[in-house]
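Take a look at the letters that make up each chain.
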Amino acid sequence: MSLAKIIAHGIRTKIREALGIEDPARKIPAPVAERRDYTADELRQYDGTDPSKPILLAARGRIFDVTRARSFYGPGGPYGVFAGKDCSRALALLSTKEEDCVGDLTGLSDAELEKLDDWIDTFSAKYDEIGKLV
Ligand code: HEM
């Protein structure tokens, strides 16, 4: 690209930003998750590593489409470890350890289970629930 073109592009971008106009060429449609039940193996395909696929996570077997929070749950994000899994135990324990990203709730206290339910309330309010882990 010539310098003149780069400058012209920069000016157009600044004008668009100032006017709040989106550049349609830069808008990649976010993938939308299919509403259905998923097996654990299927869920694992939606861990954010393929940008053309939605990002899903599950808690208490309820699957949420968290694609719009790619910065949290995508690869390299702080909570990327939860993507493509039932992360109930990790949510209850406030853990981001890989080994806690399981649906098993054995031995958890009432307070920990309450924490998990608080997270599920957060997810329900913010994301589409698209199915169940089967
Ligand atoms: C020093 C520790 C931590 C700090 C400072 C921190 C801070 C934050 C912040 C600032 C957000 C973004 C809120 C927003 O913009 O909506 C967030 C989101 C989140 N945090 Fe943490 N966090 C910490 C530890 C943890 C741990 C250990 C967990 C494990 C369960 C966790 C789970 C989450 C989740 C799941 C979200 C995203 C919720 C959503 O999808 O809206 N955080 N955290």
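Residues numbered from 1 in each chain as written. Predicted model: local features only at pLDDT ≥ 70, side-chain atom pairs only at ≥ 80, totals over all residues. Heavy atoms only, no water.

Asks: Please give an account of the pairing of strand S2 (residues 62–65) that cites residues and values.
Replies: Bridging between strand S1 (residues 56–59) and S2 involves four bridges; their strand directions are antiparallel. For Leu56, the partnering residue across the bridge sits in S2 and is Asp65. Linking S1 to S2, which pair antiparallel, is a turn of two residues; within it Arg60 sits at a positive phi near 50°. Note: S2 against strand S3 (residues 128–132), four bridges, orientation antiparallel. Paired with Arg62 across the strands is Lys132, a residue of S3. (Pairing = 2+ DSSP bridges. Helix = DSSP H or I, 4+ residues; strand = E, 2+ residues; numbered from the N terminus.)

Asks: Can you lay out the packing of aromatic side chains for me, pointing to particular residues and giving the numbers?
Replies: Going through the model one piece at a time under the given rule, you end up with nine aromatic pairs. Between the aromatic rings of Phe72 and Tyr79, the centroid separation amounts to 6.0 Å while the plane-to-plane angle is 65°, which identifies the pairing as edge-to-face. Through pairs of rings, three or more aromatic residues link up here, namely Phe64, Phe72, Tyr73, Tyr79, Phe82, Trp119, Phe123 and Tyr127. The side chain of Lys53 reaches across the aromatic face of Tyr46, ending 5.7 Å from its centre. (Phe/Tyr/Trp six-rings, centres within 6.5 Å; stacked < 30°, edge-to-face > 60°. Lys NZ or Arg CZ within 6 Å of the ring centre and 35° of its normal.)

Asks: Pulling in residues and values, what's your account of the pattern of salt bridges?
Replies: Here the structure, examined in full by the defined rule, presents eight salt bridges. For Arg35, the salt bridge goes to Asp128, with nearest N and O atoms at 3.9 Å. Within this pair, whereas Arg35 is found in the loop between helix H1 (3–19) and helix H2 (40–44), its partner Asp128 is found in strand S3, the two being separated by 93 residues in sequence. The partly exposed category is assigned to Asp128, whose relative accessible area is 47%. The partner of Arg44 in a salt bridge is Asp41, and the shortest N-O contact between them spans 3.0 Å. With a gap of three residues between them, Arg44 and Asp41 both fall in helix H2, about one helical turn apart. One continuous salt-bridge network, built from bridges that share partners, spans Glu34, Arg36 and Glu42. (Salt bridge = Lys/Arg side-chain N within 4 Å of Asp/Glu carboxyl O. Buried < 20%, exposed > 50% of the residue type's maximum accessible area, 1.4 Å probe, protein only.)

Asks: Tell me what's going on with the site of the ligand, and back it up with residues and numbers.
Replies: Within the structure, the ligand sits among Phe72, Tyr73, Tyr79, Phe82, Ala90, Leu94, Ser95, Thr96, Trp119, Phe123, Lys126 and Tyr127. Contact distances for the ligand include 2.6 Å between an oxygen atom and a side-chain N or O atom of Lys126. Put simply, the parts of the chain that give the shell around the ligand at least two residues each are helix H3 (70–73) and helix H5 (110–126). The greatest single-element share of the shell around the ligand, amounting to three residues, is contributed by H5. (Near = heavy atom within 4 Å. Polar contact = N/O pair within 3.5 Å; in protein donor to acceptor, adjacent residues only side chain to side chain.)

Asks: Before we move on, could you go through the nonpolar core and cite the residues and values that matter?
Replies: In terms of nonpolar packing, the biggest core is built from 20 residues, with Leu57, Tyr73 and Phe82 touching the most fellow members. Those elements that place two or more of their residues in this core are S1, helix H4 (88–93) and H5. Once residues within four sequence positions are removed from consideration, Phe82 is found in contact with Leu57, Tyr73, Cys87, Ala90, Leu91, Ser95, Thr96 and Cys101. Judged by nonpolar contacts, the second largest core, of eight residues, contains Ala33, Tyr46, Leu56 and Ile63. (Core = buried A, V, L, I, M, F, W, Y, C linked by side-chain atoms within 4.5 Å. Contact = heavy atoms within 4.5 Å.)

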